[in-house]
Every structure is written in C-alpha cells, then in structure tokens.
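Next come the chains, spelled out residue by residue.
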Amino acid sequence: MNIDEFLTYLKNRRNYSDLTLQAYESDLLQFENFLIKDDTDKAILNDDSQITVNSIRSWIMTLTESKVTARSINRKISSLKTYFRWRETLDKDFKNPMLKIIPPKMSKRKLAAITNDDMAILLQNRPNEDDFDAFRNYLIVEILYSTGIRQAELLGIDEKDISFSSRQLRVIGKGSKERIIPIETKLINDILKYIDTKKRYNIEESKLMVTKKGKVLSKYMLYSIVNKLLENINVSERSPHVFRHTCATHLINEGADIVNVKNLLGHVSLKTTEVYTHTTIEELKKEYKRSFEHNFN
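Here is a short report on the structure shown in this document. (Residues numbered from 1 in each chain as written. Predicted model: local features only at pLDDT ≥ 70, side-chain atom pairs only at ≥ 80, totals over all residues. Heavy atoms only, no water.)

**Comments concerning the packing of aromatic side chains**
To be explicit about the condition: When the centres of two rings from Phe, Tyr and Trp lie within 6.5 Å, Trp using its six-membered ring, the rings pair. Their planes under 30 degrees apart give stacked, over 60 give edge-to-face, and anything left gives tilted. We call a residue buried when its accessible area falls under 20% of the maximum for its residue type, exposed when it is over 50%, and partly exposed in between, using a 1.4 Å probe and counting protein chains only. Charges are assigned to positions over rings by a cutoff of 6 Å between ring centre and Lys NZ or Arg CZ, combined with an angular limit of 35 degrees from the ring normal.
With the rule as written, the count across this model stands at 12 aromatic pairs. An angle of 80° between the planes, with centres 5.2 Å apart, marks the rings of Tyr-83 and Phe-84 as edge-to-face. The exposure class assigned to Tyr-83 is buried, which follows from its relative accessible area of 0%. Clustering of aromatic rings is evident, with ring pairs tying together Phe-6, Tyr-9, Tyr-16, Tyr-24, Tyr-83, Phe-84, Trp-86 and Phe-94. Residue placement shows Arg-87 over the ring face of Phe-94; its charged tip is 4.7 Å from the ring centre.

Structure below.
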C-alpha cells in the first residue's frame, strides 16, 4: 500500500490536519499489519489490486471479534474508502474493493454533557490570576465551554488570534478552515489578565495555552488538566471534548437556532449538529416521565 504517498496527498491537496492524518495512518497501518499476518502471499502489500473484498471483510470480522466498537470500525472503513478512492484517481482501471463493503450498524450516539448546575460550580470559583496554573486551568474551562471549540483549536490559539476590540476569536478548524467566534466581555477580561500574568512570568511564547515555564501546552497535558478538574463532576466523559458537547447542548436547550450552533462549532453538515437536538429531546422525555411519575405517585 502507498500509505506515505496517500498521506502526502491528504496533507498537501486536501489540507487535512495533523490529527486527522495520524488517524488515517493508524487505520491503514493496522490494516496493512493484518494483511502481513493473514496472507501468505506478501506481494499483496506492493499491489493494491490484489487486496480483495474478502481480505477486508476478514479484517472487519477480526475487529468485531476483538470487541472494537462499531463506531471505531466504521471510522477504519471510512479510512480505507478514502484510500481506495484515491487509488482510483491514479488508475482508471483499478477495481475498488470497498464498493461491496457494508459498514456495521451503529447504535445512536449518546453524548456526555455537564449539567448547568455543575458548570456553575466549575465557573464560580475563579482563582486569583497570580496562581498561574490554577488561573490558566480556569481559563481553559471558560474558553472551551463558552466557545465550543475543539481541543486542537484551543491549543492552536495564538494571542494575535484574539480581537479584543471586536470581541472575536479566530480559530483554525478541521481542514485548515478558519472561523470567527464571538466572545463575551468577561472572557475577554480574563484573557487579558492571563496574558498579563504570562508577561509577569517572563513568558514570551505567543501561543495562548502554555506551562508556567513557557512551553506550549500539549494535548496530553490538556487532557490531564481537564480530567483532574472533572473528577468530582458527575459526567461519563472527562475530556476536553465534553465541553464542546456541553456548549452545544446548553445552547440548544436555551433555544439557540441550530444553524447558528452549526456555524459556531464549525460543522460541515447540519446532520452533525442535529445529534444535540436528539440528545436534548431524550432528556426532555426523561424529565417528562419523571414529572408524571411523581405527580401520579
């Protein structure tokens, strides 16, 4: 398989992010390793036309038996589909083995979201800006929740991406797409105070999220920080992404227009945003049932 060439194409021609490229590489290498173990004829690795529908189905079956979730399997299938569609562009006579592959059905995705009360708890105890780590961590929660941006978008924010006069934040999302997000006055003031704190610590790094020593915060550090902050919060997912779910869910619950929420989150398709509508409807059903059970009992 021409994985390196394919990844170069995605990066240079499709402007895919590093995280997306890593996911594609992981999926394709996993499939390639399966072929090495499963097929006696190793020539298949150098000739994509020898990869059969049965080989792919066998891999999917192996993943299923290993208890890999349907959602993860579908992502891997999507990676193969994109790869083989690319192969078709290189050779018009190439027979795409993915055309006969049917992905497994997925159960409806249940998104974790923090309650309004728990978010109030997280935001009410604002630390003093002199405590660098505590104030930065508070700002992480404030930004993620109020903007709904992804963790990679947060880590990519540069000080110059913030327009304090216009109260706007510029972020670079998936596929290197830029979007402008409005931010409220309190967040603007907290960011300004945080930048002043960076200066007092003689931090010259222009990326917004940094350590006390001036190193750019990594995604692993960010995950660890958020996981720690949420350890006493009743939520099934303790990752930066849960604030994105929470932001969208709370906006929908408060009556925000779904198209505006879509644009805020940077979704390409409205169907992606509609999952938050489904989530809130399910919560409404539960509340309705609880109310009636209470009244009748």
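Still to come is the rest of the account.
**A look at the pattern of salt bridges**
For clarity, the threshold we go by: Any carboxyl oxygen of Asp or Glu that lies within 4 Å of a side-chain nitrogen of Lys or Arg is treated as forming a salt bridge with it. A run of DSSP states H or I qualifies as a helix once it reaches four residues; a run of E qualifies as a strand once it reaches two. Both are numbered from the N-terminal end.
As enumerated under the stated definition, the model contains 17 salt bridges in all. One salt bridge in this structure joins Glu-142 and Lys-186, with 2.9 Å as the shortest N-O distance. Taken together, the residues span a long stretch of sequence, with Glu-142 in helix H6 (residues 132-147) and Lys-186 in helix H8 (residues 185-200) at a distance of 44 residues. The partner of Asp-190 in a salt bridge is Lys-186, and the shortest N-O contact between them spans 3.0 Å. Of this pair, Asp-190 and Lys-186 both sit in helix H8, separated by four residues, roughly a single helical turn. Accessibility expressed as a relative area gives 3% for Asp-190, which makes it buried.

**What to know about the pairing of strand S2 (residues 168-172)**
Note the cut-off: Note on pairing: DSSP must find at least two bridges between two strands before they are called paired.
Side chains Leu-169 and Val-171 project from S2 onto a buried face, and the interleaved Gln-168, Arg-170 and Ile-172 project onto a face without burial. Of the pairings in the sheet, the one linking strand S1 (residues 162-163) to S2 comprises two bridges and is antiparallel in character. Paired with Ser-163 across the bridge in S2 is Gln-168. Of the pairings in the sheet, the one linking S2 to strand S3 (residues 178-182) comprises five bridges and is antiparallel in character. Residue pairing in the sheet places Gln-168 in a bridge with Pro-182 of S3. From the end of S2 to the start of S3, which pair antiparallel, there are five residues, and Gly-175 there has a positive phi angle of about 65°.

Fair warning: the whole summary comes from geometry, so function is off the table for now.
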